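Each chain, letter by letter, is given below.
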Amino acid sequence: MSTHYSTHIGTDIAYAATLLQGGETVAIPTETVYGLAANALDEDAVTRIFVAKERPFYNPLIVHVPNVEAVRAIVAHIPQAALLLLERFSPGPLTVLLPKKPIVSDLVTAGLPDVAVRIPAHPVALALLRECGLPLAAPSANPFGYVSPTSAEHVLKMLAGRIPYVLDGGACDAGIESTIIGFPGGVPTVYRKGVITIAMVEAVVGPVARGSSAKPVAPGMLASHYSPHTPLIITEDVDESLQENLGKVVGLMTYNAFSELLAESRQILLCTNDDFATAARNLYAALHDMDTRGYELLIAKKLPQSGIGAAINDRLMRAALK
């Protein structure tokens, strides 16, 4: 199924919809990251996603739909807690794991009984979903394990020749992948942190559990993920880490203030004034940038382990594992 394409970027939603209806893959913008979309009800089309990304088939995909009615079309039922969360946070960066109908292929769910589904908030993604009339399976539009894309240019750099079209919707607003919540035994359970924080979820449905599994039950659960090619370490003490790596060509991602031990040209501030929503928005663009500079090592300052900071730290920790 491997095909070489002359990949191009554009803003033609109707053209993207035609490609998707014809079984092709299209990179699409969402408010979180760019996704590599295909008709979730067409196994051949879904297979193209795995081939283009070199993604293992044991890793499930998220299905994107335009509204709650479209969620009902592919799931067997929606628990009350899930419905409350969808009503509060959708369209938005929330993914819920719900028991799938047989119409959804086991290829999409990696053989698991639940399908991950969300309603994206990006206007281009919603317009495309309405135009094509299909539920779209869409993991991040990057080679498996590498840094997720937050611009059309990121996608083109990574997947040129592997897909026919990148639908350009500008830079992603949230910047990191959606919060994922399942409901095993009726208990709301967070499997992946995002900009919709645990505190925000608990304000709607009460206390939640934290999910873990040796086998991924949802996207984004693998220990090593979101990784740049350049080795990355995370630290709570930037200056100490810089001292320990004297003599190496180092790049630094930090927040609030630059380190005085390194030229500012070799540093990126993810945010100032503890604005961690901005840090999330800037995270992957910073990793893409840093990974092209020829550094021997990347150092990232750990954020406070709460709220959005915890979600960013989760991405950094997975990126640091090789």
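Up top is the structure these notes are about.
Below is a summary of the structure that appears in this document.

## Points about the side chain of Ser227
Part 1 of the reasoning: Inspection of the secondary structure assignment puts Ser227 in the loop between strand S11 (209–210) and strand S12 (232–235).
Part 2 of the reasoning: The exposure class assigned to Ser227 is buried, which follows from its relative accessible area of 8%.
Part 3 of the reasoning: Within the structure, Ser227 has its side chain in polar contact with the backbone oxygen of Ala319 (distance 3.2 Å).

## Some remarks on the packing of helix H1 (residues 13–21) against helix H6 (residues 123–132)
Part 1 of the reasoning: Contact pair H1 / H6: the axes reach a minimum separation of 9 Å and the direction vectors enclose 50°. One element, H1, and the other, H6, form an angle in the oblique class. Between H1 and H6 lies a crossing whose hand is right-handed. In this structure, H1 uses Ile13, Ala14, Ala16, Ala17, Leu20 and Gln21 to contact H6, whose residues at the interface are Val124, Ala127, Leu128, Glu131 and Cys132.
Part 2 of the reasoning: Taken together, the residues of the contact of H1 with H6 sort by class into nine nonpolar, one polar and one charged.

## A few points about the environment of Leu269
Part 1 of the reasoning: Along the chain, the position of Leu269 falls in strand S14 (residues 267–269).
Part 2 of the reasoning: Residue class for Leu269 comes out partly exposed when judged on its relative accessible area of 24%.
Part 3 of the reasoning: Here the alpha-carbon distance between Leu269 and Ala14, two residues 255 residues apart in the chain, equals 38 Å.
Part 4 of the reasoning: Excluding residues that lie within four positions of it along the chain, Leu269 makes contacts with Thr254, Tyr255, Asn256, Ala257 and Phe258.

## Observations regarding a negative patch on the surface
Part 1 of the reasoning: A grouping of Asp237, Asp239, Glu240, Glu244 and Glu260 is seen on the molecular surface, where their side chains present a negatively charged patch.
Part 2 of the reasoning: With respect to the helices, strands and loops of the structure, Glu260 is situated in the loop between strand S13 (250–254) and S14.
Part 3 of the reasoning: With a relative accessible area of 82%, Glu260 lands in the exposed category.

## With respect to the sheet that holds S12
In any sheet, the strands associate via hydrogen bonds between backbone groups, in a parallel or an antiparallel arrangement.
Part 1 of the reasoning: Reading across the sheet, the four strands line up as S12-S15-S13-S14 and stay open at both edges, with parallel pairing between neighbours. The open sheet has two edge strands, S12 and S14, and neither has a second partner. Between one strand and the next, the sheet's axes are offset by a mean angle of 20°, whatever the strand orientation.
Part 2 of the reasoning: In the sheet, S13 pairs with S14 via three bridges, with the strands oriented parallel. Looking at the pairing, Leu252 lines up with Gln267 of S14.
Part 3 of the reasoning: Each of S13, S14 and strand S15 (297–301) is contacted by helix H10 (residues 276–290), which is oriented at about 175° to S13, the strand it contacts most.

## Here's the deal with the pairing of S13
Part 1 of the reasoning: Of all the five residues making up S13, five are buried; the element is thus mostly covered by neighbouring parts of the structure.
Part 2 of the reasoning: What you see with S13 is no split at all: Val250, Leu252 and Thr254 on one side and Gly251 and Met253 on the other are buried throughout.
Part 3 of the reasoning: Across four bridges, S13 lies against S15 in parallel orientation. Bridge assignment links Val250 to a residue of S15, and that residue is Leu297.

Here is what the cut-offs are and how they apply
Residues numbered from 1 in each chain as written. Predicted model: local features only at pLDDT ≥ 70, side-chain atom pairs only at ≥ 80, totals over all residues. Heavy atoms only, no water. Helix = DSSP H or I, 4+ residues; strand = E, 2+ residues; numbered from the N terminus. Buried < 20%, exposed > 50% of the residue type's maximum accessible area, 1.4 Å probe, protein only. Polar contact = N/O pair within 3.5 Å; in protein donor to acceptor, adjacent residues only side chain to side chain. Axes fitted to C-alpha atoms, helices over the stretch in contact; angles between N-to-C directions. Parallel < 35°, antiparallel > 145°, perpendicular 65-115°, else oblique. Left-handed = near helix turned anticlockwise from the far one by under 90°. Contact = heavy atoms within 4.5 Å. Nonpolar A, V, L, I, M, F, W, Y, C, P; charged D, E, K, R; others polar. Patch = residues over 30% accessible without salt bridge, like charges linked within 9 Å, V, L, I, M, F, W, Y side chains within 5 Å. Areas by Shrake-Rupley, 256 points an atom, 1.4 Å probe, with all protein chains shown as cover. Salt bridge = Lys/Arg side-chain N within 4 Å of Asp/Glu carboxyl O. Lys, Arg positive; Asp, Glu negative; His and termini not counted. Charge placed at Lys NZ, Arg CZ, Asp CG, Glu CD. Pairing = 2+ DSSP bridges.

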